[in-house]
Every structure is written in structure tokens, then in C-alpha cells.
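A closer look at the structure
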Amino acid sequence: MHIDDLVEHWTILDEERDLIAGKRDATRLGFAILLKFYTQHGRFPRSRSELPDDVVEHVAKQVLVPASELGFYEWSGSTIEYHRHQIRTHLGFRTCTTEDATKLAGRGGRARRATA
């Protein structure tokens, strides 16, 4: 990845540092990468394989954790679920509920009938 892209999309902003500050080692690096990936792609990475090495190195330098620590980050379980929740909350998002889906489906149906 070009350095300009790394800086633009993978640089940790001042307001993001408070979220990251209380975490250590692999957890700190994993959280920071989840946060930056979500802000860029609108979703979380499924695994380490979605992350280019230069991205991991760039983020690792910023959070002062060796890039190799990402190998110890758990990609499933309660920790990553909590990290995802923290990131969504920080960014003003939440997971879609059944009620949300029902409302959306209802609105879509009315919109189609109104234009038909």
C-alpha cells in the first residue's frame, strides 16, 4: 500500500487514542486495527488475512506494540465482541435488530406501492 494511503486511512486520530489507551499488547493492536478497518470499510475484518502487513506495521508503530503481537489477538469470542461494541458505540452505530429490519421492510414495501 502506498504511504499516502497508509497515512490517510490508517493513522490513529487524537479522539481515537482515548479508546485505545486502556488496552495492552495484542489487545491494543487488535482493537486499533479493528477501529481503523471499520472506519474505512464499514465492517470489521473477518481475520488477520484481510490485513496487509504494511497496514499492521503502520498501526503497530502508532500504538507502540510489535506487529508480531497481532498473532495473539483472538478473532472470536467475548473480547472481540466487546471491542466491536465499543467501536460501534464510539462511531454512533449499533447492530440491526429484528425490529429495525421489520421497520425497514415495511417502509420499502410502502415505497414500492406508492411509485407503482
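Just so we're clear, the structure is a prediction, and the values are computed from it rather than from any experiment. Per chain, residues are indexed from 1 in the order of the written sequence. For this predicted model, a pLDDT threshold of at least 70 governs which residues receive local features, and a threshold of 80 or more governs which side-chain atom pairs are given and counted, while totals over whole chains, interfaces and linings are taken from all residues. In computing side-chain properties, one takes all heavy atoms of the structure into account and sets aside hydrogens as well as water.

1. Topic: unusual backbone geometry
Under the convention used in this document: Here a strand is any run of E in DSSP of at least two residues, a helix any run of H or I of at least four, and the numbering for each starts at the N terminus.
Even without being a glycine, Asp25 presents a positive backbone phi close to 50°. The residue Asp25 is located in helix H3 (residues 25-41) in this model. Of note in the backbone geometry, Leu64 takes a positive phi value of approximately 60° without being a glycine.

2. Comments concerning the packing of H3 against helix H5 (residues 78-91)
Applied cut-off: Every axis in this analysis is a line fitted to C-alpha atoms, fitted for helices over the stretch in contact. Angles between the N-to-C directions lie between 0 and 180 degrees. Oblique is the label for any angle not under 35 degrees, not over 145, and not in the 65 to 115 range, which are roughly parallel, roughly antiparallel and roughly perpendicular in turn. It is the rotation of the near helix from the far one that decides the hand of a crossing: anticlockwise by less than a right angle makes it left-handed, clockwise makes it right-handed. The contact criterion used is simple: two residues touch if any of their non-hydrogen atoms lie within 4.5 Å. Gly is placed with the polar residues, together with every amino acid not listed as nonpolar (Ala, Val, Leu, Ile, Met, Phe, Trp, Tyr, Cys and Pro) or charged (Asp, Glu, Lys and Arg).
For the pair H3 and H5, the least separation of the axes is 10 Å and the interaxial angle reads 45°. The angle between H3 and H5 falls in the class oblique. Considering the relative orientation of H3 and H5, their crossing is right-handed. Facing H3, whose interface residues are Thr27, Phe31, Leu34, Leu35, Tyr38 and Thr39, H5 presents Ile80, His83, Gln86, Ile87, Arg88, His90 and Leu91. For the contact of H3 with H5, a count of residues per class yields seven nonpolar, five polar and one charged.

3. What about H3?
Let me state the cut-off plainly: Here a helix's expected span is defined as the number of its residues, less one, multiplied by 1.5 Å. Here the term buried applies to any residue with accessible area under 20% of the maximum for its type, exposed to any over 50%, and partly exposed to those in between, with areas from a 1.4 Å probe on protein chains only.
For H3, built from 17 residues, the straight-helix expectation of 24 Å at 1.5 Å per residue is met to within 8% by its first-to-last C-alpha distance of 24 Å. Within the sequence span of H3, burial applies to Ala26, Leu29, Gly30, Phe31, Ala32, Ile33, Leu34, Leu35, Lys36, Phe37 and Tyr38. The elements touched by buried residues of H3 are helix H1 (3-10), helix H2 (14-21), helix H4 (53-63) and H5.

4. Here we look at the environment of Ser76
One can find Ser76 in the loop between H4 and H5. In this structure the C-alpha to C-alpha distance between Ser76 and Ser47, which are 29 residues apart in sequence, comes to 9.2 Å.

5. Remarks on the confidence of the model for the protein chain
Worth spelling out the cut-off: One number per residue, pLDDT, summarises how confident the predictor is, and it ranges from 0 to 100.
Per-residue pLDDT for the protein chain averages 89, and the proportion of residues at 70 or more is 91%. Averaged pLDDT values for the elements of the protein chain fall to 67 in helix H6 (residues 98-115) and rise to 97 in H4.

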